[in-house]
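Each chain is listed here by its residues.
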Amino acid sequence: MMKELVELGGCYARLAANGVEALQVLASLRPCLIVIDLMMPVMDGATLIEELKREPALADIPYVIATSAPDRAPRGAPVLAKPIDVKALWKWMDRSRRGN
């Protein structure tokens, strides 16, 4: 469903089932925004965020956490609480496309 919402907002979306797969995708693709679920198998969203921050080539890609447990998000991380407010998601997408 998230892929459909992103594409309805005018962006191409690429899915990853977990953080490890996301890092593999990011090796060949530079998105304008990464939407991260905290609860993923293999590598969870919090660990993925740590990995993104450690990798200079990925550290400046904007991200937002989409979660049903916003209280579990890392302190200071941008969060979209589930159920997702589509307009809020599209605002994140617009900001990241503009580089804000």
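Just so you know, these numbers come straight off a predicted model, no measurement behind them.

**Q** Is there a simple way to think about the overall build of the protein chain in this case?
**A** Summing up its helical and strand segments, the protein chain has four helices and three strands in all. Written out in order from the N terminus, the α and β elements of the protein chain read α-α-β-α-β-β-α. In summary, the protein chain has a C-alpha radius of gyration of 13 Å against a globular reference of 13 Å for 100 residues, a match within 12%. The C-alpha extent of the protein chain, read off along each of the three principal axes, is 30 × 30 × 25 Å. Summarising the internal contacts of the protein chain: among those between residues at least 6 apart in sequence, 54% fall at separations of at least 24. As displayed, the protein chain offers around 6300 Å² of accessible surface, 54% of which is attributable to carbon and sulfur atoms. Averaged over its 13 positive side-chain charges, the protein chain has a centre that lies 6 Å from the centre of its 12 negative ones.

**Q** Quick question: what am I supposed to make of the packing of aromatic side chains here?
**A** Aromatic ring pairs are reported here in terms of the distance separating the ring centres and the angle at which the planes meet. For the structure on display, the rule yields zero aromatic pairs. Lying over the aromatic face of Trp92, Arg95 brings its terminal NZ or CZ to 4.4 Å of the ring centre.

**Q** How should helix H3 (residues 45–54) be read in this particular structure?
**A** By the burial criterion, the buried members of H3 are Gly45, Leu48, Ile49 and Leu52. The buried residues of H3 occupy an angular sector of 100° when projected down its axis, which confines them to one face. Among the structural elements, helix H2 (19–26), strand S1 (34–36) and strand S2 (63–67) are those in contact with the buried residues of H3. Near the N-terminus of H3, the side chain that reaches the backbone nitrogen of Ala46, with its oxygen 3.4 Å away, is that of Asp44.

**Q** Even after reading the chapter, I still don't get the nonpolar core, so can you show me in this structure?
**A** Across soluble globular proteins, nonpolar side chains show a tendency to be buried alongside one another. Grouped together as the largest cluster of nonpolar side chains are 16 residues, with contacts concentrated most on Leu26, Ile34, Ile36, Leu48, Leu52, Tyr63 and Ile65. Looking at this core, the elements with two or more residues in it are H2, S1, H3 and S2. By residue number, the principal contributor to this core is H3, which donates three residues. If near-sequence neighbours (up to four positions away) are discounted, Leu26 is found in contact with Pro31, Ile34, Leu52, Leu58 and Ile61.

**Q** Please clarify how the pairing of S2 should be interpreted in this entry.
**A** Of all five residues that make up S2, five are buried, and the element is covered over most of its length. Of the two faces of S2, both are covered, the one formed by Tyr63, Ile65 and Thr67 as well as the one formed by Val64 and Ala66. In this structure, S1 lies alongside S2, joined through three bridges in parallel fashion. Bridged to Ile34 within S2 is Tyr63. Relative to strand S3 (residues 79–81), S2 runs parallel, the two sharing three bridges. Bridge pairing in S3 links Ile65 to Val79.

Criteria and thresholds
- Residues numbered from 1 in each chain as written.
- Predicted model: local features only at pLDDT ≥ 70, side-chain atom pairs only at ≥ 80, totals over all residues.
- Heavy atoms only, no water.
- Helix = DSSP H or I, 4+ residues; strand = E, 2+ residues; numbered from the N terminus.
- Rg over C-alpha atoms; globule rule 2.2 N^0.38 Å.
- Contact = heavy atoms within 4.5 Å.
- Areas by Shrake-Rupley, 256 points an atom, 1.4 Å probe, with all protein chains shown as cover.
- Lys, Arg positive; Asp, Glu negative; His and termini not counted.
- Charge placed at Lys NZ, Arg CZ, Asp CG, Glu CD.
- Phe/Tyr/Trp six-rings, centres within 6.5 Å; stacked < 30°, edge-to-face > 60°.
- Lys NZ or Arg CZ within 6 Å of the ring centre and 35° of its normal.
- Buried < 20%, exposed > 50% of the residue type's maximum accessible area, 1.4 Å probe, protein only.
- Arc of directions from axis to C-beta.
- Polar contact = N/O pair within 3.5 Å; in protein donor to acceptor, adjacent residues only side chain to side chain.
- Core = buried A, V, L, I, M, F, W, Y, C linked by side-chain atoms within 4.5 Å.
- Pairing = 2+ DSSP bridges.

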